[in-house]
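Structural description and commentary
Chain by chain, the residues run as shown.
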Amino acid sequence: MSATIENLLSENRLYPPSPAFAAAANVTADEYDRAAADPVAYWERQADRLDWTERWHTAHTWKPARPLTLAEAAAQEGVTLPDPGGASTADPAGPAASAFTGLDDDGQPLLSIPEAAWFVGGRLNVAVNCVDRHVDAGRGDVVAITFEGEPGDREQITYAELQRRVAKAANALEALGIVAGDRVVVYLPVIPETIVITLAIARIGAIHSLVFGGFSAEALKFRVEDTGAKLLVTSDGQFRRGKAVAVKANSDEAVGGPVGPGSSGAPGGVNTIEHVLVVRRTGDLTPDIPWTPGRDVWFHDAIAEAADTHTAQSFDSEHPLFIIYTSGTTGKPKGVVHTSGGYLTQASWSHAAIFDAKPTDVYWCTADLAWVTAHTYVLYGPFSNGATSVIYEGTPNTPHTGRHFEIIERYGVTTYYTAPTLIRTFMTWFPDGLPASFDLSTLRLLGTVGEAINPEAWVWFHENVGGGRAPIVDTWWQSETGSAIIAPPARRHGAEARVGDVLAAGAPRAHRRRGGRAGTRRFGWVPRDRRHLALDGARRLGEPRPLPGFVLEEVRRPGLLLRGRRSKIRCRRVHLAARTRRRRHQRLRPPPLDHRDRVGPGVASGRRRGGRRGSDRPGDG
């Protein structure tokens, strides 16, 4: 390799946070020692940050994968082995019984599916933890949501008002026959109703699956059918790039398949929708939307007569909270199921720790609400911590390229969490730097998510948006992990963040790189080994347990994860080391955990829906 290229691979610029910022950080270096001393007890303390109606009797259970006998493997794969007389009957969905050996392609025994659970026996209500408890604590007047629509409409909703709206929506959902365990697909833009309806679904124990409003009818149809949804929530239209775009016809196409037996029937290729709940967003700008009487219901009509109080039930810690789909770039999208107690523990703690959340913050994560980034860092993390969140409906250049900076100035945003792609776009829009007309002085912390950030974009972001003073937390995670699992960690003495560093999970400060590799530290919750990131139980045989907050995958053998549903199991090798960092020595190869480490709370219960592996990008949804 030439000296020029080697020089480009080196990055030595350092940007320390201010001593005042470091001194006031929520998480310090001491946190590592506390977590390492007893990881399970550590996560119990984080779970105690939430309100539980019934405390768990067992913090964590773990049943590791083990090699299966031939009979066990056949039962797991849905294969009927030949009887002693030579006759055999094979499941038509499985491999031929005569060829079944119970071994994988490398001749290794198939492994059982590992099982992990967190806060077993505990009961809570996720929506109550995100809304009601703040009102009960006397913080009902605090602004929960600051909304700006693309056309310029604006609204601020306090926690007390959010509680009232969520209660009315929950009552309306129950009036439509939605009960705990039912699946509800939400196909809405970034508007307050999306948050209200999502929290209402969680409040009654139903399971939500949010779909990006820009997806096609075919993509929506797949998710509706794969989840076996009983209700689809959509809008008449949405605003996009300065135009009102009708979307109801897309929704109708998505639920136009053969009608199945309802949400109790088997999902997959069958339309189980009973009602379509429609939010009025574009109104007369998108007239003549299609309508099916008896099935379609206006949201404003549904809540008009609904009571503004609702008695919430509590649900088991392992009760499913939501299904989120990966992008499916190499096959059909896969639905990842995250559960309640562990996921909320992880989301709440990581938002407070990584984003150094303060009661006075005005926090803005720019992700669409359908992506996992927004599930954790717009919905459940910030609201569980009583934060004030900004949401914006439109594109960043409508009606002008400075729209985001205008919003930051208008609402006094203190934390701005966005994607490197957008930062690089800003660099092309503002090649000479941001105009001095934008006052971004309220910003105290910046964050990035979605893909690797190159040093030039990092420096531009730091100097132009952060004013050369705001630290940057560069987060890495996936739909499967549920929250950021790699970010700049805290240091005891001020810390110096090297450009582009991606380190172990912690607070918004970083320590320097050592020997060309990220100087990571274990935090008692990141499951990892020398070859791949183990996701909530998907780990190498004989290695550490999963941490709460991650999706429990099915493991066929070391380095392989099984994915699928029913008897059709597909597998592929996991390679999470590539694609995430620019430098040769920055590939994601964290050090192994010892056998005392555990998977952290907040991870999904371990169910996955759909086909093969899709994108590993953290923003997938």
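As the structure is a prediction and not an experimental result, all values here were calculated from the model.

Structural notes on the overall build of the protein chain
Along the protein chain, the regular secondary structure elements total 16 helices and 26 strands. Here the protein chain holds 621 residues, and 61% of them are scored as buried. Of the contacts formed within the protein chain by residues at least 6 apart in sequence, a portion of 74% connects residues at least 24 apart. For the protein chain, the accessible area works out to roughly 23,100 Å², and carbon and sulfur atoms hold 51% of it.

Points about the side chain of Thr398
With respect to the element layout, Thr398 can be found in the loop between strand E18 (388–392) and helix H14 (403–411). When near neighbours in sequence (up to four residues on either side) are disregarded, Thr398 contacts Glu150, Arg241, Gly242, Tyr392 and Arg403.

Side note on the environment of Arg444
Among the secondary structure elements, Arg444 is positioned in the loop between helix H15 (420–429) and strand E20 (445–448). Along the sequence, Arg444 and Thr415 sit 29 residues apart, while their C-alpha atoms lie 6.2 Å from each other. Of note is the side chain of Arg444, whose polar atom sits 3.0 Å from the side chain of Asp361.

Here we look at the pattern of salt bridges
Summed over the entire model, instances satisfying the criterion amount to 26 salt bridges. A salt bridge links Glu155 to Arg165; the shortest N-O distance between them is 2.6 Å. Here Glu155 is found in strand E6 (residues 154–158), whereas its partner Arg165 is found in helix H7 (residues 159–175), with ten residues between them in sequence. Taking relative accessible area as the criterion, Glu155 reaches 29% and is therefore assigned partly exposed. Here Arg295 makes a salt bridge to Asp252, at a shortest N to O gap of 3.0 Å. With Arg295 in the loop between strand E12 (275–279) and strand E13 (296–298) and Asp252 in helix H10 (residues 248–254), the pair connects residues that are 43 residues apart, well separated along the chain. Among the residues examined, Asp252 registers a relative accessible area of 16% and is labelled buried. Through salt bridges with shared partners, a single network forms among Glu148, Arg154, Arg403, Glu406 and Arg410.

Some thoughts on the nonpolar core
Ranked by internal contacts, the top residues of the largest apolar core, which has 86 residues, are Ile145, Leu162, Val233, Tyr377 and Tyr380. Look past the residues within four positions of Val233 in its chain and what remains in contact with it is Val184, Val185, Val186, Tyr187, Leu188, Ile197, Leu277 and Val279. Residues Val390, Leu440, Trp458 and Val465 belong to the second largest nonpolar core, which totals 29 residues.

Digging into the packing of helix H6 (residues 126–136) against H7
The N-to-C vectors of H6 and H7 enclose an angle of 130°; their axes lie 9 Å apart at closest approach. Considering the angle they form, H6 stands oblique to H7. The interaxial crossing formed by H6 with H7 has left-handed handedness. Residues Cys130, Val131, Asp132, His134 and Val135 of H6 lie in contact with H7, whose contacting residues are Tyr159, Ala160, Leu162 and Gln163. Classifying every residue of the contact of H6 with H7 gives six nonpolar, two polar and one charged.

Section: the packing of aromatic side chains
For the structure on display, the rule yields 28 aromatic pairs. Measuring from ring centre to ring centre gives 5.6 Å for Phe355 and Tyr363, while their planes differ by 75°; the resulting arrangement is edge-to-face. Given the relative accessible area of 3%, Tyr363 is considered buried. Above the face of the Trp56 ring, Arg55 is positioned so that its terminal group lies 4.0 Å from the ring centre.

Overview of the sheet that holds strand E17 (residues 362–365)
The seven strands are arranged E6-E5-E18-E17-E19-E20-E21 in an open sheet whose pairing can be described as mixed. With one partner strand each, in any of the chains shown, E6 and strand E21 (472–474) form the two edges of the open sheet. Between one strand axis and the next, the sheet turns through 15° on average, direction left out of account. The pairing of strand E19 (residues 415–418) with E20 spans four bridges and is parallel. When the bridges of E20 are listed, Thr418 appears paired with Thr448. In this fold helix H13 (residues 372–384) packs onto strand E5 (143–148), E17, E18 and E19, with an angle of close to 160° to the strand it touches most, E17.

Points about unusual backbone geometry
Between Thr398 and Pro399 the backbone carries a cis peptide bond, its omega angle lying at 0°. Inspection of the secondary structure puts Pro399 in the loop between E18 and H14. Of note in this structure, Phe119 is not a glycine but carries a positive phi near 55°. Even without a glycine there, the phi angle at Asp356 is positive, about 50°.

Digging into H14
Among all positions of H14, only Arg403, His404, Phe405, Ile407, Ile408 and Tyr411 are buried. Backbone geometry just after H14 places Gly412 at a positive phi near 65°.

Here's the deal with the pairing of strand E15 (residues 320–325)
The buried count for E15 comes to six of six residues, which makes it a mostly enclosed element. By the bridge criterion, five bridges tie E15 to strand E16 (residues 334–339) in an arrangement that is antiparallel. Among the inter-strand pairings, Pro320 is bridged to a residue of E16, identified as Thr339.

Focus on the pairing of E19
A two-sided burial pattern is seen for E19, the buried positions comprising Thr415 and Tyr417 on one face and Tyr416 and Thr418 on the other. Sheet analysis places E17 next to E19, joined by three bridges and oriented parallel. Its bridge partner being in E19, Cys365 is matched across the sheet by Tyr417. Handedness of the crossover joining E19 and E20 through H15: right-handed.

Concerning the environment of His208
By the element assignment, His208 lies in strand E8 (residues 207–210). Classification of His208 as buried rests on a relative accessible area of 0%. When the C-alpha atoms of His208 and Leu321 are compared, they prove to be 6.9 Å apart, with 113 residues separating the residues in sequence. Excluding residues within four positions of it along the chain, His208 makes contact with Val184, Thr198, Ile201, Leu321, Phe322, Ile323, His375 and Tyr380. One polar contact links His208 to Tyr380, side chain to side chain, over a distance of 2.7 Å.

Some details on the confidence of the model for the protein chain
Summarising the model, the protein chain shows a mean pLDDT of 78, and 72% of its residues fall at 70 or more. Here residues 262–267 scores under 50 on pLDDT; set against residues more than four positions off or in separate chains, the count is 14 contacts. Low confidence marks residues 549–600, where pLDDT is under 50. Its contacts with residues over four positions away, or in another chain, come to 222 contacts.

With respect to H6
Burial runs high along H6: eight of the eleven residues are buried. Considered for burial, the residues of H6 that qualify are Val126, Ala127, Asn129, Cys130, Val131, Asp132, Arg133 and His134. Packed against the buried residues of H6 are strand E4 (123–124), H7, helix H8 (192–203), E15, helix H12 (341–354) and H13. Capping of H6 at its N-terminal end is provided by Asn125; its side-chain oxygen lies 3.0 Å from the backbone amide nitrogen of Ala127.

What counts, and where the lines are drawn
Residues numbered from 1 in each chain as written. Predicted model: local features only at pLDDT ≥ 70, side-chain atom pairs only at ≥ 80, totals over all residues. Heavy atoms only, no water. Helix = DSSP H or I, 4+ residues; strand = E, 2+ residues; numbered from the N terminus. Buried < 20%, exposed > 50% of the residue type's maximum accessible area, 1.4 Å probe, protein only. Contact = heavy atoms within 4.5 Å. Areas by Shrake-Rupley, 256 points an atom, 1.4 Å probe, with all protein chains shown as cover. Polar contact = N/O pair within 3.5 Å; in protein donor to acceptor, adjacent residues only side chain to side chain. Salt bridge = Lys/Arg side-chain N within 4 Å of Asp/Glu carboxyl O. Core = buried A, V, L, I, M, F, W, Y, C linked by side-chain atoms within 4.5 Å. Axes fitted to C-alpha atoms, helices over the stretch in contact; angles between N-to-C directions. Parallel < 35°, antiparallel > 145°, perpendicular 65-115°, else oblique. Left-handed = near helix turned anticlockwise from the far one by under 90°. Nonpolar A, V, L, I, M, F, W, Y, C, P; charged D, E, K, R; others polar. Phe/Tyr/Trp six-rings, centres within 6.5 Å; stacked < 30°, edge-to-face > 60°. Lys NZ or Arg CZ within 6 Å of the ring centre and 35° of its normal. Pairing = 2+ DSSP bridges. Right-handed = clockwise from strand over helix to strand, strands pointing away. pLDDT = per-residue confidence, 0-100.

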